[in-house]
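Single-letter residue listing:
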Amino acid sequence: MKNLKNRKWTLASRPVGMVGEHNFSFAEEEVRDIDDGEFLIKNLYLSFDPAQRGWMEDRKSYVPPVGIGEVMRAGSVGQVIASNNPNFNVGDKVQGTFGWQEYAISDGKGILNATIIPEGASLTAPLSVFGITGLTAYFGLLDVGQAKEGDTVLVSGAAGSTGSIAAQIAKLKGCRVIGVAGGVEKCRWLTEEAKIDAAIDYKAANMAEVIPELCPEGIDVIFDNVGGEFLNTALMNINQSARIAICGAISGYNNETPAPGPSNYTSLIIQRARMEGFIVLDYMDRFPAAVGELMQWVQEGKIIYQEDIQEGIEHAPDTLLRLYTGKNKGKQLLKIADPD
Ligand code: NAP
């Protein structure tokens, strides 16, 4: 592509401890011509996900690690600006795994295959409430957590992109819902706007005292995004046959050494409880039906969501860091360009 320059972030080194800009390289290159079956995408929005820290490590996982020198992997939404693929036309808005770069060349295949976003639909919601985080909340809470009317549900990372949707789905299913989040403002948003029953500011509260106070009848479902001390304390308060959906463990993602396991795991024996990890990609064949339900709940006002949109490809590493410092208010996105 003559005269078209791509600015991109590649992985320079594997992180030890807190990930940062030092783990990436920023470079500019000329965009090559597309081959048969390929199309060229101008990235519009990048998705930021706590799991990206894990993709940078060279270890066995549910996806291969990002290689040193490769463009940093990320979900995104873009616009097709040239195409040699009959399924993707110039002008189409597409969602896929196009990475931390301004322009990407794709054949449509990826960890999530490229899909066309219907004309007129939101360009950001497919990366947030109708995307991976909304779907993770849906399957983690309903399939893994088996939340049902009357349950007491405790959600960590509750003001975040995944946690806030899990908490609201639990509420609309008739559960009593307690969210755990960092800071007064996030807790206010949870109770006053997302309308869950109670919120705990884990940065200020004595969790060992407050959890039993707010869950006097015990906990039936834990939807856990953070792991660590939170999980250990929460396990002390579970009911018989409780379900603990292990969605994530962000409190330990940047640790230099593995975090200790929850010493209170013997509660699982005493309470005949089930703790189960899951990966949302395993539910891919059910995504369309789940998105349909999520859309209906959003239209009915039963679910609200927040998007935190930073700007500029040069800010990709800083934007990733916002997730691990709790600066993000809802789904963390980075705007790269406007559509044509
Ligand atoms: P998010 O919740 O929107 O953002 C991350 C939040 O984590 C931050 O806002 C911060 O909130 C909290 N956090 C950061 N460091 C923390 C710490 N040390 N202790 C406690 N909380 C901390 O991000 P998300 O994309 O929705 O992801 C949430 C979780 O879901 C992550 O663990 C992620 O790995 C997991 N996930 C799992 C799957 C799956 O398939 N299993 C799929 C998607 C996401 P506070 O301000 O409240 O601290």
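Since this is a predicted model, take the numbers as computed values, not measurements.

**Q** Explain the overall build of the protein chain here, please?
**A** Along the protein chain, the regular secondary structure elements total nine helices and 15 strands. Here the C-alpha atoms of the protein chain give a radius of gyration of 20 Å, agreeing with the 20 Å that 2.2 N^0.38 yields for 340 residues. Dimensions of the protein chain, computed from C-alpha atoms along their principal axes, come out at roughly 65 × 45 × 35 Å. Of the roughly 15300 Å² of accessible surface on the protein chain, a fraction of 50% belongs to carbon and sulfur atoms. Averaging the positions of the 31 positive and the 43 negative side-chain charges in the protein chain gives two centres separated by 2 Å.

**Q** Any chance you could explain empty space enclosed by the protein here in plain terms?
**A** A water-sized probe, rolled over the atoms, reveals where empty space remains. With the rule as written, the count across this model stands at one cavity of 30 Å³ or more. In this structure, the largest cavity occupies an estimated 40 Å³ of space. Together, Ser128, Val129, Ser161, Ser164, Ile165, Tyr305, Gln306, Gly330 and Lys331 line the largest cavity. Looking at the lining of the largest cavity, the element that brings in the most residues is helix α3 (residues 161–172), giving three residues. Residues of the lining of the largest cavity, tallied by class, amount to three nonpolar, five polar and one charged. Two domains each provide a minimum of three residues to the lining of the largest cavity, namely domain 1 (5–128 + 306–335) and domain 2 (132–281).

Conventions and cut-offs
- Residues numbered from 1 in each chain as written.
- Predicted model: local features only at pLDDT ≥ 70, side-chain atom pairs only at ≥ 80, totals over all residues.
- Heavy atoms only, no water.
- Helix = DSSP H or I, 4+ residues; strand = E, 2+ residues; numbered from the N terminus.
- Rg over C-alpha atoms; globule rule 2.2 N^0.38 Å.
- Areas by Shrake-Rupley, 256 points an atom, 1.4 Å probe, with all protein chains shown as cover.
- Lys, Arg positive; Asp, Glu negative; His and termini not counted.
- Charge placed at Lys NZ, Arg CZ, Asp CG, Glu CD.
- 1 Å grid on protein atoms, 1.4 Å probe; cavity = no way out; pocket = protein on both sides within 12 Å on 5 of 7 lines; lining within 4 Å.
- Points joined across faces, edges and corners; volume = space filled by probe spheres on them.
- Nonpolar A, V, L, I, M, F, W, Y, C, P; charged D, E, K, R; others polar.
- Domains from an automatic or database assignment.

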